[in-house]
Amino acid sequence: MRTIGRWVYETAGGLPRQFWYLWCTTLISRLGSFVLVLLAIYLTSVRGLSEAFAGLVVGLWGAGGAAGSVIGGVLADRWGRKPTLLLALWGGAVMMIVLGLARAPVAIAVCATLVGLLAEGVRPALSALMVDVVPAADRARAFSLHYWVINVAFAFAATTAGFVANLRPGLLFLANAATLTAAGVFVAVMVKEPVRSRGPASAAGVAEEATARQGTSAPQADGLAAALRDRVYLAFLGINLLTAFVFLQHLTTLPLSMTRDGLSPSTYGSVIALNGVLIVVGQIFVTRALRRLDHTTALALACVVLGVGFGLTAFATTPLFYAITVLIWTTGEMFQAPSNATTVAALSPAHLRGRYQGLFALSWGVAGSVAPLLGAAVLQFAGKATLWLGCLGLCLAAAALHLAARARRDQRAAELAAESAPAMAATAA
């Protein structure tokens, strides 16, 4: 029992109370995230729209998310983390209901875009707030625990979404809106705005002065322009974009591929729920394994495992085979997500965390808008094997690029770590 207690404490102990409030916010908001899980099937089966249009709508959701991630990141730095979270959560709840009431294809497309914009506005503010409140030494396990709870909620949502839809499709949207509203209330009552996130100017000045003294190549402009001129960070985002193209196929072309093989929406829900179940069971163990790997090695390994899992989907025809592929690429996902988060934190100047988090979310938003369109087109015109083996190729290329970028990435992280102490002192003063 002492060994188990020590293991639990090493995994989850000693983290700030505000982190756990953010953890609970994520749990509440995502327990009812039914809509995106079944959106493609809802549009084709309930609304009678084509596969291509369903891919377009999911892509527009991602396009809205791309814009929302940047807007949310800028607002998180300028306006504050907490106000941005409240706007995104409560605004998303309203638009979720409107999307469920929409009938015309144009209205559905517009509403999906706005829902995506507000949904992704949550991510940079919450991530920046998490970096604000968690010490650097604890961030890897904090991000792992946060990713774990995301998938606890996802497993629940994916498992129950089909049953909710069978009762009445409109309940998907009402339940999703209810959990977003509840999460906003929880944030309003429990979450505090860190003082240092309101005043980036002094930190910026100290960081730029330190950069000039050291003669480093770290970006010296303030605001979003600094991140957009940060070649090391942009290279990281470009590599992440490749894997995001692949990973997001599980929301669009995977259910369409399973439908082509004669499998039901409930089967897809059960199979994809294994993704969340495995993460719930295994993420804590992965957290311990990640301590033995540097972030770049972990990311390269994750890309290879992701590629193998999605590549094997080319040969899947039965629920069991699809389930095996999901378990394989989920293992890669468990290594990738916390390693991505810690890499973003390491490469982000303290006074620009919201913007850097926003650009990271933007890479996922771009993938979310392009991946459904590209994947659906490849599936329709080139076939299943080309789609999934192409995913394998993209992941292997991403793994090689991560390893090639190791030296410059480590150098930038060391420079920013050296600057962070005087920046924090200036802001506190």
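Model, not experiment: these values are computed from the prediction.

S.K.: Please explain the nonpolar core as it appears in this structure.
M.R.: Side chains of nonpolar character tend, in soluble globular proteins, to be buried together. Among the nonpolar cores identified, the biggest contains 106 residues, and L99 and Y233 are the most heavily contacted of them. Counting residues per element, this core draws most heavily on helix α6 (residues 105-133), at 12 residues. Excluding its chain neighbours within four sequence positions, the residues that come into contact with Y233 are V344, L347, Y356, Q357, L359 and F360. L290, M334, F335 and A337 belong to the second largest nonpolar core, which has 10 residues in total.

S.K.: Honestly, the environment of R408 in this entry has me stumped. Any pointers?
M.R.: Mapped onto the elements of the fold, R408 is located in helix α18 (residues 406-428). On the basis of relative accessible area, R408 is assigned to the exposed category, the value being 53%. Distance from R408 to V232, taken between C-alpha atoms, is 6.8 Å for residues 176 residues apart in sequence. Contacts of R408, omitting those with residues within four sequence positions, involve R231 and V232.

S.K.: Explanation requested: the packing of aromatic side chains in the structure shown.
M.R.: What characterises a pair of aromatic rings is the spacing of the ring centres plus the angle enclosed by the ring planes. Taken as a whole and assessed by the stated rule, the structure comprises 12 aromatic pairs. Ring centres 5.7 Å apart and planes at 85° place the aromatic pair F247 and W329 in the edge-to-face group. Of this pair, F247 sits in helix α11 (residues 231-247) while W329 sits in helix α15 (residues 319-347), placing them 82 residues apart in sequence. Residue classification places W329 among the buried positions, given a relative accessible area of 0%. Among the aromatic residues, ring-to-ring pairing joins F247, F310, W329, W364 and W388 into one connected group.

S.K.: What is the right way to look at the environment of L254 in this model?
M.R.: Position of L254 among the secondary structure elements: in helix α12 (residues 253-260). A C-alpha to C-alpha distance of 9.8 Å links L254 and K384, two positions 130 residues apart in sequence. If we skip the residues at most four places from it in the chain, L254 touches Q249, Y268, I272, T313, Y322, W329 and W388.

S.K.: Would you explain the packing of helix α2 (residues 17-30) against α6 in this entry?
M.R.: The angle between the axes and the distance between the axes are what describe a pair of packed helices. Running from N to C, α2 and α6 cross one another at 160°; their axes reach a closest spacing of 9 Å. As far as their axial angle goes, α6 and α2 are roughly antiparallel. Crossing angle aside, the handedness with which α2 passes α6 is left-handed. Packed against α2, whose contacting residues are Q18, F19, L22, T25 and T26, the element α6 presents L126, L129, M130 and V133 at the interface. Partitioning the contact of α2 with α6 into residue classes produces 6 nonpolar, 3 polar and no charged.

S.K.: For this particular structure, what's the right way to read the confidence of the model for the protein?
M.R.: The predicted coordinates should not be examined in detail at positions where pLDDT is low. Within the protein, residue pLDDT values average 82, and 88% of them lie at 70 or more. Considering each helix and strand of the protein separately, the mean pLDDT is smallest for helix α9 (residues 200-214), with a value of 40, and largest for helix α17 (residues 384-404), with 95. Here residues 197-218 is a poorly scored stretch, pLDDT under 50, and it has 37 contacts once near neighbours within four places are set aside; other chains count. Note that pLDDT drops below 50 for residues 423-429; the model gives that stretch 9 contacts with residues more than four away or on any other chain.

Rules used in this analysis
- Residues numbered from 1 in each chain as written.
- Predicted model: local features only at pLDDT ≥ 70, side-chain atom pairs only at ≥ 80, totals over all residues.
- Heavy atoms only, no water.
- Core = buried A, V, L, I, M, F, W, Y, C linked by side-chain atoms within 4.5 Å.
- Buried < 20%, exposed > 50% of the residue type's maximum accessible area, 1.4 Å probe, protein only.
- Helix = DSSP H or I, 4+ residues; strand = E, 2+ residues; numbered from the N terminus.
- Contact = heavy atoms within 4.5 Å.
- Phe/Tyr/Trp six-rings, centres within 6.5 Å; stacked < 30°, edge-to-face > 60°.
- Axes fitted to C-alpha atoms, helices over the stretch in contact; angles between N-to-C directions.
- Parallel < 35°, antiparallel > 145°, perpendicular 65-115°, else oblique.
- Left-handed = near helix turned anticlockwise from the far one by under 90°.
- Nonpolar A, V, L, I, M, F, W, Y, C, P; charged D, E, K, R; others polar.
- pLDDT = per-residue confidence, 0-100.

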